[in-house]
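Geometric and topological summary
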Amino acid sequence: MANPKRGRLLIVDDEVELKNALCETLADEGFETVGAAGGTEGLKVLERQDIDLLLSDLMMPGMDGIQVLRKALEVDPNLVGIIMTGQGTVPSAVEAMKVGAFDYVLKPFNLQTMLPILDRAMDVRHLRTENVRLRRYVERLSYESPRYQMIGSAPAMQRVVQLIEKVAPTDATVLVRGQSGTGKELVARALHGNSLRRDRPLVTVNCAALQETLLESELFGHEKGAFTGAQQTKLGLIEVAEGGTLFIDEVAEMPPGLQAKLLRVLEDGHYHRVGSIKECHADVRVIAATNKPLEEEQKAGRFRENLYYRLNVVGIDLPPLRERRQDIPALVEHVLTTRQLGKVRCQVEPEAMKALLNYDWPGNIRELANAIERAQILAENSLITLDDLPDVMHVVRHRPADISPLDLDDLECRTVQNALQQANNNKVHAARLLGISRRALYRLITKHCLEGKDESRTRLGARCNDTKSTPILRVR
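Counting of residues starts from 1 at the beginning of each chain's written sequence and follows it residue by residue. Since the coordinates come from a predicted model, pLDDT governs what is reported: local features require at least 70, and pairs of side-chain atoms require 80 or more to be given and counted, while whole-chain, interface and lining totals use all residues. Values shown for side chains rest on all heavy atoms present in the structure; no hydrogens or waters enter the calculation.

1. Here we look at the overall build of the protein
Starting at the N terminus, helices and strands are each numbered in turn, a helix being any DSSP run of H or I of at least four residues and a strand any DSSP run of E of at least two. A count of helices and strands for the protein gives 18 helices and 14 strands. The classification of residues rests on relative accessible area computed with a 1.4 Å probe and restricted to protein chains. Under 20% of the type maximum is buried, over 50% is exposed, and intermediate values are partly exposed. Evaluated residue by residue, the protein yields a buried proportion of 50% over its 476 residues. Looking at the protein alone, contacts between residues at least 24 apart form 71% of all its contacts between residues at least 6 apart. Any two residues whose heavy atoms approach within 4.5 Å are treated as being in contact.

2. Things to note about the pairing of strand S6 (residues 174–177)
In the case of a regular strand, side chains alternate between the two sheet surfaces. Residues of S6 alternate between two faces, with Val174 and Val176 on one and Leu175 and Arg177 on the opposite face, all of them buried. Two strands are said to pair when DSSP picks up at least two bridges between them. Pairing analysis gives four bridges linking S6 to strand S11 (residues 285–290), with the strands arranged parallel. When the sheet's bridge partners are listed, Val174 is paired in S11 with Ile287. The pairing of S6 with strand S12 (residues 314–317) spans four bridges and is classified as parallel. Counterpart to Val176 in the pairing with S12 is Ile316.

3. Description of helix H17 (residues 427–434)
Within the span of H17, buried status applies to Lys427, Ala430, Ala431 and Leu434. In a view along the axis of H17, the buried residues occupy a sector of 100°, so they form one face of it. In protein, a polar contact means a hydrogen-donor-capable atom and an acceptor-capable atom, both N or O and within 3.5 Å, with residues adjacent in sequence counting only if both atoms are side-chain atoms; elsewhere, any N or O pair within 3.5 Å suffices. Looking at where H17 begins, the residue whose side-chain oxygen comes 3.0 Å from the main-chain nitrogen of Val428 is Asn426. Working definition: the arc comes from the directions between the helix axis and the C-beta atoms, pointing outward to the latter.

4. Details of the sheet that holds S12
Strand order in the open sheet formed by five strands is S7-S8-S11-S6-S12, with parallel pairing between adjacent strands. The sheet is open, and its two edges are formed by strand S7 (202–206) and S12, each paired on a single side. Across the sheet, the axes of successive neighbouring strands diverge by a mean angle of 20°, strand direction being ignored. Axis definition: a line fitted to C-alpha atoms, limited for helices to the stretch in contact. Angles are taken between N-to-C directions and run from 0 to 180 degrees.

5. Here's the deal with the nonpolar core
By nonpolar core is meant a set of buried Ala, Val, Leu, Ile, Met, Phe, Trp, Tyr and Cys residues that side-chain atoms within 4.5 Å join together. Judged by nonpolar contacts, the single largest core of 31 residues is most densely connected at Leu219, Ile238, Leu246, Ile248, Val251 and Leu311. Among the elements of the structure, S7, helix H8 (212–220), helix H9 (237–240), strand S8 (245–249), helix H10 (256–268), S11 and helix H12 (305–311) are those that each provide at least two residues to this core. When residues of this core are assigned to their parent elements, the largest contribution, five residues, is made by H10. Sequence-distant contacts of Leu246, that is, excluding residues within four places in its chain, are made with Val203, Val205, Leu219, Leu237, Ile238, Ala241, Arg285, Val286 and Ile287. Counting 26 residues, the second-largest nonpolar core is a separate cluster that includes Val335, Val348, Ala369 and Ile372.

6. What to know about the confidence of the model for the protein
Looking at the protein, pLDDT values average 84 and 86% of them are 70 or higher. Taken as a whole, residues 396–405 scores under 50 in pLDDT and shows 27 contacts with residues more than four places along the chain or in a different chain. pLDDT runs from 0 to 100 and stands for how confident the predictor is about each residue. Scored below 50 in pLDDT, residues 454–476 makes 70 contacts in the model with residues more than four places away or belonging to other chains.

7. As for the side chain of Thr85
Looking at the element boundaries, Thr85 is found in strand S4 (residues 80–85). Contact partners of Thr85, with chain neighbours within four places excluded, come to Asp57, Leu58, Met59, Tyr104, Val105, Leu106 and Lys107.

8. Observations regarding the packing of aromatic side chains
Pairing of aromatic rings covers Phe, Tyr and the six-membered ring of Trp, with a centre-to-centre limit of 6.5 Å; geometry is then stacked below 30 degrees between planes, edge-to-face above 60, and tilted otherwise. The full count for this structure, using the stated rule, is three aromatic pairs. Measuring from centroid to centroid gives 6.0 Å for Phe220 and Tyr271, while their planes differ by 40°, and the two rings are tilted. Residue Phe220 is found in helix H8, and its partner Tyr271 is found in strand S9 (residues 270–272); the two are separated by 51 residues along the sequence. Like Phe220, the residue Tyr271 is buried in the burial classification.

9. So, H8
Within H8, the full set of buried residues consists of Leu215, Glu216, Ser217, Leu219 and Phe220. Where H8 is buried, its residues contact S7, H9, S8, H10 and S9. Immediately downstream of H8, the backbone of Gly221 shows phi near 80°, a positive value.

10. A closer look at the side chain of Lys107
By secondary structure assignment, the location of Lys107 is in the loop between strand S5 (103–106) and helix H5 (111–138). On the basis of relative accessible area, Lys107 is assigned to the buried category, the value being 17%. A distance of 3.3 Å separates polar atoms of two side chains, one belonging to Lys107 and the other to Asp13. One polar contact links Lys107 to Asp57, side chain to side chain, over a distance of 3.1 Å. For Lys107, the residues in contact, after removing those within four places along its chain, are Asp13, Glu15, Leu18, Asp57, Met84, Thr85 and Gly86.

Set out below in structure tokens:
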């Protein structure tokens, strides 16, 4: 009996025997299957039932698979769609990915090939629905702009959001710990934005960016004539943040002398401007952040023990991105939405997303955001491919064992030749016809030894000796 926990699968194919065979076979594998003999019937099913995955044939009368997928995503944007076809071409594969297909597979295929694809598709479905649930949860927090919203469904991130929600309304001092680029300032913004001090300033100082004398002047201010160059009285950031929040980043880099002065501010709010004997009082909430383990810094004598305990009233730990890979697709979507560089929002092809998921991200979310912004600049036709990502993120590509690489290479070679012929050997036009980047086209021309040849007389299937190259068709 079918197990709904594995997922509800809608199979749309005008070949009735194939549709029924797929429904029966995949039901035996634990899917709850529903069949439809065409796009119109399939869309009616989607309107009546909750469907997790859509497996649709490409070539069908009336409404083709791409049209079915486009309309299906209008019904349920979190649906995961897979296009299958017996007549694979590069343009149709690219078009399917642009519409939002999770994968594009060639018929015939065997069960061992299809099941891993369906399992990965269900993982994406679970991720999307979980992101919706978490988004409803985190929307209880206020953000100064969508760009600074907390994103993630990983358990560690859920704990972070829960802590922010509990701690933000209080005046408790918070210590945010995490590697560089994990979003420590984002947490500080969320804490301030959901506090009773939200209408007052949030002021940031980075202890690693200033020398000791300058840092002291920045924090506490100085009187006129306090030192050479002090030509007028200057307010410190503590005074600027009066009534609001002071975010001290890289607090482990604070010199010992300033640590004692900061401790007093935390204990009773008192401090002195540089060069002044007048005591000032501060009403600020302090949030500190560090990418170093303060326990070890304290044991090594580089950080005051009493300051460590005073800062660590509430500790919030941010995980590195490699420990929350399930959040990468949602983070990519967030960057593409809030940092869109072109007129049309870019999409990410599955192979590029796989590279993003496999990379270890030593620079964490900051590195991810930079990589996606770079990819938007390089992407052609608003589709981010593996070629648009930094070289360090490229991964080994795989083919299904039951599909011959030679067959795919023949199809790929013929497709490139046809495009070049239609474009009169204009590489820019040919790349546009194929829906790929010029770099990708030049790589294919080299691979198939097409450069400098008369394509009309080139033997179909001609190729270089590099049999390890991967066909452009995105077939796993």
